Amino acid sequence: MKLSAQSSDTLVFFCNGQKISEKHPDPSWSLAQYIRSKLQLTGCKIGCGVGGCGACTVMVSAMGQSTRNISHIAVNACLYPLCAIHGKAVTTIEGIGSTKTKLHAVQERLAQTHGSQCGFCSPGMVMSMYTLLRNNPKPSTDEVLSAMEGNLCRCTGYRPILDAFKTFTEQAGCCNGSTGGKCCQNGDAEMSDELYDVTKFTEYDPTQDVIFPPELLTNNSTFLQSTQFTKDQLTWINAGNIEDFLSLKSNNPKAVIIAGNTAAPGASHNLEGVVIYTGQVSQLNSIELTETGLKVGASVTMSMLQNAIKLHCKTLSSDQASSLHIIQQALQQYASCQIRNVATIGGHLVAPKSDYDLVPLIMAVGAKAFIVDTDGNVRESTLNGSSYSSDDRLVQSNEILQYIEIPFTSVNEHVEFYKMSHKRYYLDNAVVTAAFCMTFEPESDVVRDGCLVFGGIRKLPVFADATMKKLIGRTWNTELLESTCASLKEDLQSDIDASGKDQDYCSNLVVGSFFKFFFKVLKSLEEKQVTSSTPLPATPEFGSIPSKVPCGSALFQPAPKDQPNIDSIGRPIVHRSALQQTSGEAVYVDDLPPVQGELYLAFVLPSRGRARVLSTNLAAAQEVDGYVTYVNADDITGINRTTFDDDEILVTKEVYSTGAIIGAIVATTPEAAHKAAKLVHVSYEDLPVITTIEEAIEQEAFHQPTESLQKGDVEKGFDQSSVVLEGTIRTAAQEHYYMEPTACIAKPSGEAGEIEMITCFQEINSVQCTVAKALGVDANKVNVKTKRAGGSFGGKSNQCNYMAVCALAAQKTGKAVRMVLPRGTDIQITGHREGSMAKYKVGFDDKTGKINSLDITVYINWGSPSGIHFAIFGQVLFSLQGVYAMDNIHTTVKNCATNIPATKPMRTFGIVQSVFIIESIITDIALRCGLPVLQVREVNMHKEDIPTTYYGVPIEGFDVFRRCWKECLDKSDYHNRRNQVNNFNSKNKWTKRGIAIAPLKFNVGNYPTFMHQAGAMVNLYLDGSVLIHHGGVEVGQGIHTKMIQIASRVLGIPVDKIHVAENSTYVIPHATDTAGSHSTDMWGMAVKNACDTLVDRLAPFKSDKPDGNFADWVSAAYFSRVNLSVIGYYQTPDITWDWATKTGRPYPYSTFGAACSEVQIDCLTGSHELMRTDIVMDVGKSLNPALDIGQIEGAFMMGYGYFMLEELLWDKDGTLITNGPYNYKIPCVRDIPAEFNITLLRNCPNVRGVYSSKGIGEPTLCLANTVHFAVQDAIQSARADAGISEVFALEAPATPDRIRKACGELNFTKL
């Protein structure tokens, strides 16, 4: 291969100030692989591997090729090609601060503001903010939001993270724009809002940040020469200049060209042949302002273009810069900051995809492409549909795109861009994009020329040329609007039909976008006084999604003033691992260094939902370099069944879903294991597949048994009702989407069949039992350990066949085996929240809405195999009544045996659907009666002091609920805002607002009786330090912190003297699943029990030496031969339930709450904005207000995702469609309420909880239904405008397409 500059085989870059020289680097590797594997810097996490979560964020610094300015950008290291780092500097979380030396201000503040829970996302969050500060030491709050867009968090709800980072901004206001710092506007003397003290934060000093390596400054030109790296079948070339690039292209016409590597995440692992990297070609990275427009190099990134537009627009008139401003706004909607930092203009244009937002806009404004062939000939092409060849390529194999030129707009030109996304406004793929450019005759409203371009419909943008021709020469008036809307539907119908998308929805988006454009242009023409038609009485207003900076309050009852300072109960102390998490020092399973000879495992999974396995061919897999062996059911020396859910560990004959495991490849590297697993050929005999609830009902495919509860006579109740209403309520399946992928390491000892399992599981007891059963050994030979889990939410519990397969591989090979599930595999096989459908029949009084009789059948799409399907019965049935009194009620649950992976308990397992069902029924009654929903809720609420559920359990503390309800009404100012919403809606047709308030009764710890037990061991050491072992797993909820607080109070020592050890089945056996919001109650009581015993044992020595300290008393006890290691045990009292007699008390207590949410919807697109949420929650007497508020916010935002965004989808064959962040969207930082107010109800102790507290990890997820009901309220206003009055169903999640359709048919003739 001929190069114009000397090639090198050594990759040179700097990492955290240290020079790295890597000979013969592997071009297929990502930067993250190298950082983690070679440099052992594990603070850079791999959450998804496709640039969708931000956990792997690092800072890349480089010198500008022409300006010689140093740039700092945040990048996803999982996407960034290793060889592209040549001549640059990388900074990871380890390079900016450490608990061992000194923490950086960003690390410290994120921890101190309680912004780190499970901690897996924290290093990425820190690096995004750190990079922003390196570019701007005093950023605006909007810049902070923009920097955080690409960093996902499933735990916190984002608000405390923003609180931390807003302290670096020049934010107006008394409290620096934060929520948890002390606020001077809190006028309630009995309540506090001081979750942290901003005065104790370390001052940020930019001069102390890591400097750019001097060697890269002085030898910059050396690193800009063309370099070549080759390994195996892949050659990577960093092109140094455009001449080299053209020469390389000439010699390698089939070479893959890479600049940002965002087009096909992970594809570099599968590349062969030649890859040419253009990121350092100066001629392709320049931006130049010319007399006619902006000249943009093909390798210019989206962020570079944003910054350039911002700079150059200062020198242009508003008319000239119009199109550039629109492009800048469009760029902000495109992907995340990390992606914009590397994705290029050329990559967008050369090989466009339907979801490349910018292409239609660049075409609409008349941009020109300048293309060079390998002989140096330049051709100019105006970008439009005809610019591309039959294979949709802009350039041919002997050509490159050098730059494009974006022309300025003229005074008579109007440009606009609209993006309509699948789920949300930001960080989502478009269903339809629309780019319009309209030119008028001078000082006229007559159309001279224009362009109507639509993206998202086909691979290439679609031009509505026929419609555009009809516009030329016409006056811009309502007649033009009506005819154009009709013409657009006709013009684009065939393209929409061929797109495979929802035809009506896409058609409405197309027309709706032009509708908005029409009035924006009309307003501009009126302002210029060039309209010739009669002005409209009122120009319609359209909702926009503003760049909101979240604010709010968090109020709690402070600890009593006379409480000793050493007693941390009731105080907002920081999560005990927070500093380790924000510094990247916290260790997760895949952060552990490999042991000698360690092997790696990848699963062979079914490609269809149901089939008989005929044969498995390993021939191709065995040819992969690094292949070791294959594990299948024949390798099981014990029993091929899991323990508690009694399912097959490995498939023997028949596949019941794509969540089953056929076998596993074991190899010497993870890359080899996954490559070989994909090459295993499995032959099937297909069998009938059921994927939906409707199909299961039709075929009567249900897991047995089913369960029901009844009170009164429902048929008699229906007869006595003035109205009987029937309806259907649907909710979708939801993915747990914890940030740390499921992982484990199996280490056989080689002695007596012993094996150690290092996991991130929240239920290690089931892992121990299942592994022992599979290996054919006693459970006492299997030690399962968990230090922490990077999130779980139920997803790392129960079903653990994949852990057993890892152990089998270790047993077969005699080597340690590591299993880390890729995100797509994790979503496919680890279970999910169950989808549901409820059919109800309700009888009520049409004057008041009071319920007389209710019959509900809930169908759960459980999947296969049946597993622990029976566990959901109580979860659903015990919650269907809510806070409402009912004399006649009958409820049934049926679990559908479908061929999708089996459900796994997820936060509020079964309860969130039940709460949504009963509140939806109340809402439907109100709509049917024409009454306010609030009135119908209140008329149906229990009136007794201690009401009883329909299954006979007294509701203790119901007065607490009434206080929650009243306080929520007051704090949310519901009645005034209800009037404001009504007033707004009366004045706006295309934008509507809605407000909803809903109650909550949540049964804490609602699971089988045997699970209500907990053990703990507390050890005292001679220096006065304390070690706690207990069975609760730290999944981010702060259980270890609360255990330390409890022990600190009982023992009377500082929290700093107490440590919690990792979980181990060798120390605490039979540990119950950490679930149900009851873990702190149980293990807290067990720890307290142990500590009480120790206090009793130390009492004589304390009495003998009252002036001594804790260490003195412990030492004295030791020398007196007193046992200083105590086992504590607790079993929840009075818990029992008998399904045969339908009697007992199935849960220890209930917690109560209420929430109010307000939204704004765009009736044309279905998009929405969450404007405000107020929550009042009963947590008893909070053990730690900071942790409890964090759980409230995090659960609510997960519920927001459930009700508004998230939806797992399978095709008709049972294959998962939504298998990663590209097509499965969890809430991001832009989704949180613009105003978010949390209040912990005061003076409500819980006699059944440890130190009067209540569990709070789950309940507020249910209260996110208020967002859904607020959207439904807004839709109802739109329907009323359209003359539609009947009750309507709005499925959850309420996605934009469902909202748009529910608003009714669009009538653009009635303005």
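Residues numbered from 1 in each chain as written. Predicted model: local features only at pLDDT ≥ 70, side-chain atom pairs only at ≥ 80, totals over all residues. Heavy atoms only, no water.

What follows deals with the overall build of the protein chain. Helices and strands together make up the secondary structure of the protein chain, namely 36 helices and 45 strands. For the protein chain, whose C-alpha radius of gyration is 31 Å, the value lies close to the compact-globule estimate of 34 Å for 1311 residues. With the C-alpha coordinates of the protein chain rotated into their principal frame, the extents come out at 90 × 80 × 70 Å. Counting across all 1311 residues of the protein chain, residues that qualify as buried make up 63%. Here the protein chain holds 114 positive side-chain charges and 137 negative ones, and the gap between their average locations is 2 Å. (Helix = DSSP H or I, 4+ residues; strand = E, 2+ residues; numbered from the N terminus. Rg over C-alpha atoms; globule rule 2.2 N^0.38 Å. Buried < 20%, exposed > 50% of the residue type's maximum accessible area, 1.4 Å probe, protein only. Lys, Arg positive; Asp, Glu negative; His and termini not counted. Charge placed at Lys NZ, Arg CZ, Asp CG, Glu CD.)

If you walk across this open sheet you meet the five strands as E19-E45-E44-E43-E35, and the pairing is mixed. Lying at the two open borders of the sheet, with one neighbouring strand each, are strand E19 (551-555) and strand E35 (991-1004). Within this sheet the neighbouring strands show an average axis-to-axis angle of 10°, counted without direction. Of the pairings in the sheet, the one linking strand E44 (residues 1168-1177) to strand E45 (residues 1235-1240) comprises six bridges and is parallel in character. Note on E45: the bridge partner recorded for Arg-1172 is Glu-1235. (Pairing = 2+ DSSP bridges. Axes fitted to C-alpha atoms, helices over the stretch in contact; angles between N-to-C directions.)

Take the packing of helix H26 (residues 911-929) against helix H35 (residues 1265-1281) next. In helix packing, the relevant descriptors are the interaxial angle and the interaxial distance, both defined with respect to the helix axes. In the contact formed by H26 and H35, the axes pass within 11 Å of each other and the chain directions differ by 20°. In terms of axis orientation, H26 runs roughly parallel to H35. You can see that H26 and H35 cross each other, and the crossing is right-handed. Two secondary-structure elements touch here, H26 through Val-915, Phe-916, Glu-919, Ser-920, Thr-923, Asp-924 and Leu-927 and H35 through Asn-1265, His-1268, Phe-1269, Gln-1272 and Gln-1276. When its residues are assigned to classes, the contact of H26 with H35 shows four nonpolar, six polar and two charged. (Parallel < 35°, antiparallel > 145°, perpendicular 65-115°, else oblique. Left-handed = near helix turned anticlockwise from the far one by under 90°. Contact = heavy atoms within 4.5 Å. Nonpolar A, V, L, I, M, F, W, Y, C, P; charged D, E, K, R; others polar.)

A few words now on the sheet that holds strand E40 (residues 1125-1131). The strand order across the open sheet formed by four strands is E38-E37-E36-E40, and the pairing between neighbours is mixed. Each edge of the open sheet carries a strand with a single partner, namely strand E38 (1058-1060) and E40. Ignoring which end each strand starts from, the neighbouring axes of this sheet average 20° apart. In the sheet, strand E37 (residues 1026-1030) pairs with E38 via three bridges, with the strands oriented parallel. When the sheet's bridge partners are listed, Leu-1027 is paired in E38 with His-1059. Here helix H30 (residues 1039-1051) sits on the sheet and contacts strand E36 (1013-1020), E37 and E38; the angle it forms with E37, its principal contact strand, is near 130°. Strands E36, E37 and E40 of the sheet are contacted by helix H31 (residues 1079-1104), whose axis makes an angle of about 140° with E40.

With their axes 8 Å apart at the nearest point, H26 and helix H27 (residues 933-940) run at an angle of 120° to one another. Here H26 is positioned oblique relative to H27, judged by the angle of their axes. In this structure, the crossing between H26 and H27 has a hand that is right-handed. Residues Glu-919, Ile-922, Thr-923, Ile-925 and Ala-926 of H26 form the contact with H27, whose participating residues are Val-933, Val-936, Arg-937 and Asn-940. Across the contact of H26 with H27, the residue classes break down as five nonpolar, two polar and two charged.

To continue, consider a nonpolar patch on the surface. Nonpolar side chains collect at one region of the surface, where Leu-1022, Tyr-1118 and Phe-1119 lie side by side and expose about 350 Å² of accessible area between them. Looking at where Phe-1119 falls in the secondary structure, it is placed in helix H32 (residues 1110-1119). What makes Phe-1119 exposed here is its relative accessible area of 63%. (Patch = residues over 30% accessible without salt bridge, like charges linked within 9 Å, V, L, I, M, F, W, Y side chains within 5 Å. Areas by Shrake-Rupley, 256 points an atom, 1.4 Å probe, with all protein chains shown as cover. Salt bridge = Lys/Arg side-chain N within 4 Å of Asp/Glu carboxyl O.)

A word on the environment of Ser-749. With respect to the secondary-structure elements, Ser-749 resides in the loop between strand E28 (743-748) and strand E29 (755-759). When the C-alpha positions of Ser-749 and Ala-810 are compared, they lie 9.9 Å apart, and in sequence the two are 61 residues distant. From its side chain, Ser-749 meets the backbone nitrogen of Glu-751 in a polar contact 3.1 Å long. (Polar contact = N/O pair within 3.5 Å; in protein donor to acceptor, adjacent residues only side chain to side chain.)

Turning next to the pairing of strand E9 (residues 273-277). Burial of E9 is extensive: four of the five residues sit out of reach of the surface. Across five bridges, strand E7 (residues 234-238) lies against E9 in parallel orientation. Bridge pairing links Trp-236 to Val-275 in E9. As paired strands, strand E8 (residues 256-258) and E9 are joined by three bridges and run parallel to one another. Bridge pairing in E9 links Val-256 to Val-275.

What follows concerns the packing of aromatic side chains. The geometry of an aromatic ring pair is captured by the separation of the ring centres together with the interplanar angle, meaning the angle of the planes. Taken as a whole and assessed by the stated rule, the structure comprises 39 aromatic pairs. Between Tyr-951 and Trp-1137, the aromatic rings sit 6.2 Å apart at their centres with planes inclined by 90°, giving edge-to-face as the arrangement. In this pair, Tyr-951 is assigned in the loop between H27 and helix H28 (958-971) and Trp-1137 in strand E41 (residues 1136-1138), connecting sequence segments 186 residues apart. Both residues of the pair, Tyr-951 and Trp-1137, belong to the buried class. Joined through ring pairs, the aromatic side chains of Tyr-418, Phe-436, Phe-440, Phe-454, Trp-476, Phe-514, Phe-515, Phe-517, Phe-518, Phe-519 and Trp-990 make up one cluster. (Phe/Tyr/Trp six-rings, centres within 6.5 Å; stacked < 30°, edge-to-face > 60°.)

Our focus in this paragraph is the pattern of salt bridges. Think of it this way: side chains of opposite charge can pair up when their charged atoms draw near. Counted under the stated rule, the structure contains 56 salt bridges. Where Asp-591 meets Arg-36, a salt bridge forms, and the shortest distance between an N and an O atom there is 3.0 Å. In this pair, Asp-591 sits in the loop between helix H17 (578-582) and strand E20 (599-604) while Arg-36 sits in helix H1 (residues 31-37), placing the two residues 555 residues apart along the sequence. Judged on exposure class, the residue Asp-591 and its partner Arg-36 are both buried. The partner of Asp-1092 in a salt bridge is Lys-1088, and the shortest N-O contact between them spans 3.1 Å. Taken as a pair, Asp-1092 and Lys-1088 lie in helix H31 at a separation of four residues, close to a single helical turn. Judged by relative accessible area, Lys-1088 falls into the partly exposed class, the value being 22%. Each of Arg-36, Lys-45, Asp-590, Asp-591, Glu-598 and Arg-818 takes part in salt bridges that share partners, so that together they form one network.

Turning next to the environment of Asp-591. Accessibility expressed as a relative area gives 7% for Asp-591, which makes it buried. Expressed as a C-alpha distance, the spacing of Asp-591 and Ile-70, which sit 521 residues apart in the sequence, is 32 Å. Every residue in contact with Asp-591, bar those within four places of it in the chain, is listed here: Arg-36, Thr-42, Lys-45 and Ala-586. Separated by 2.5 Å, the side chains of Asp-591 and Lys-45 make a polar contact.

Moving on, we come to helix H5 (residues 159-166). Across the eight residues of H5, eight count as buried, placing the element largely inside the fold. Within H5, the full set of buried residues consists of Arg-159, Pro-160, Ile-161, Leu-162, Asp-163, Ala-164, Phe-165 and Lys-166.

So, on to H26. Across its 19 residues, H26 extends 27 Å between first and last C-alpha, which sits within 8% of the 27 Å expected from 1.5 Å per residue. The buried count for H26 comes to 17 of 19 residues, which makes it a mostly enclosed element. (Expected span 1.5 Å × (residues − 1).)

Position of Thr-91 among the secondary structure elements: in strand E5 (residues 89-91). Beyond its immediate chain neighbours, meaning those up to four positions away, Thr-91 contacts Asn-16, Val-58, Met-59, Ile-96, Met-127 and Tyr-130.

On to the confidence of the model for the protein chain, then. Summary statistics for the protein chain give a mean pLDDT of 94 and a share of 97% for residues scoring 70 or more. Note that residues 1-5 has pLDDT below 50 and, in this model, 15 contacts with residues that lie over four places away or in other chains. (pLDDT = per-residue confidence, 0-100.)

Every regular strand shows the same layout, with side chains that alternate between the two sheet faces. For strand E24 (residues 663-667), a buried count of five out of five residues is recorded, marking the element as mostly surrounded by other parts of the structure. The side-chain alternation of E24 yields two buried faces, one formed by Gly-663, Ile-665 and Ala-667 and the other by Ala-664 and Val-666. Sheet topology places E20 next to E24; five bridges connect them, and they run antiparallel. Looking at the pairing, Phe-603 lines up with Ala-664 of E24.

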